[in-house]
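Architecture at a glance
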Amino acid sequence: MKYAMKTIILSAFLVFISIATSTQTRSELMEIFDEAEYFFNREEYADALFYYTQLYKYDPNNASLNYKIGTCLLKIKGKDAESIPFFEKAVKNTTTKYKRRSFNERRAPFHSLYYLGNAYRMNNEIEKALA
């Protein structure tokens with residue numbers, strides 16, 4: 001009986017430790033964002049995409065993040081079709097007062113609509129592009 005109780009306590013402790021170490025703090029997420037922004041601003045979109053997708057796991061409904069992932073995919077040769085779902089999510093929450101380098105920005109810039117149309121055009125979805 002004591003052995004079973006020790007096993008349960010040890011298992012619960014290990015589960016707690018694994019959950020605690022897998023979650024990332026806000027400061028760690030901000031560091032990832034800074035890395036992504038560094039590569040994005042240098043137009044090294046594949047590297048930026050790597051970091052943005054890490055952030056996406058924690059906040060998939062962030063329109064700004066969807067816009068940036070979509071932009072990276074649009075700029076990487078052969079990945080333009082993959083950008084469409086991200087731009088479609090981004091255009092649902094746009095603003096004309098977009099804060100480009102802000103970790104706290106959750107809205108996408110208004111010109112996300114242009115990029116979505118361009119992505120449609122590049123993938124021969126002309127009717128959607130015109131709309």
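Now for a look at the structure at hand.

Reading the values: the criteria
Residues numbered from 1 in each chain as written. Predicted model: local features only at pLDDT ≥ 70, side-chain atom pairs only at ≥ 80, totals over all residues. Heavy atoms only, no water. Helix = DSSP H or I, 4+ residues; strand = E, 2+ residues; numbered from the N terminus. Buried < 20%, exposed > 50% of the residue type's maximum accessible area, 1.4 Å probe, protein only. Contact = heavy atoms within 4.5 Å. 1 Å grid on protein atoms, 1.4 Å probe; cavity = no way out; pocket = protein on both sides within 12 Å on 5 of 7 lines; lining within 4 Å. Points joined across faces, edges and corners; volume = space filled by probe spheres on them. Nonpolar A, V, L, I, M, F, W, Y, C, P; charged D, E, K, R; others polar. Core = buried A, V, L, I, M, F, W, Y, C linked by side-chain atoms within 4.5 Å. Phe/Tyr/Trp six-rings, centres within 6.5 Å; stacked < 30°, edge-to-face > 60°.

Counting its secondary structure elements, the chain contains seven helices and two strands. Put simply, the chain runs from its N terminus to its C terminus through helices and strands in the order α-α-α-α-α-β-β-α-α. Here the chain holds 131 residues, and the buried ones make up 34% of them. Sequence separation of 24 or more characterises 51% of the internal contacts of the chain that already satisfy a separation of 6 or more.

Helical geometry: 3.6 residues make up each α-helical turn, so side chains three or four residues apart lie on a common side. All buried positions along helix 6 (residues 112-122) are accounted for by Ser112, Tyr115, Leu116, Gly117, Asn118, Ala119 and Tyr120. Positive backbone phi, approximately 55°, marks asparagine 124, located one or two places after helix 6.

Once that is clear, we can look at the layout of surface pockets. Estimates place the volume of the largest pocket at around 220 Å³. Lining the largest pocket we find 16 residues, and of these Leu55, Asp59, Asn62, Leu65 and Phe103 sit closest to its centre. Secondary-structure elements contributing two or more residues to the lining of the largest pocket are helix 2 (26-41), helix 3 (45-56) and helix 4 (63-75). Looking at the lining of the largest pocket residue by residue, the classes come out as seven nonpolar, four polar and five charged.

Looking now at the nonpolar core. In this structure, Phe40, Ala48, Leu49, Tyr52, Leu55, Ile69 and Cys72 are the most contacted members of the largest nonpolar core, which totals 17 residues. Mapped by element, the contributors of at least two residues to this core are helix 2, helix 3 and helix 4. The element contributing the most residues to this core is helix 2, with six residues. Sequence-distant contacts of isoleucine 69, that is, excluding residues within four places in its chain, are made with Leu49, Tyr52, Thr53, Tyr56 and Phe86. Listed in part, the twelve residues of the second largest apolar core include Tyr67, Tyr98, Tyr115 and Leu116.

This part covers the packing of aromatic side chains. Between two aromatic rings, the relevant description is the distance of the centres plus the angle of the planes. For the coordinates displayed, the defined rule picks out twelve aromatic pairs. With centroids separated by 5.6 Å and ring planes inclined at 70°, the aromatic side chains of phenylalanine 33 and phenylalanine 103 adopt a geometry described as edge-to-face. Of this pair, phenylalanine 33 sits in helix 2 while phenylalanine 103 sits in the loop between strand 1 (94-95) and strand 2 (108-109), and the two are 70 residues apart along the sequence. Residue class for phenylalanine 103 comes out partly exposed when judged on its relative accessible area of 22%. Where phenylalanine 50 meets tyrosine 51, the ring centres are 5.1 Å apart and the plane angle is 80°; that geometry is what we call edge-to-face. Accessibility expressed as a relative area gives 48% for phenylalanine 50, which makes it partly exposed. Ring pairing ties together the aromatic residues Tyr67, Phe87, Tyr98, Tyr114 and Tyr115, which thus form one cluster.

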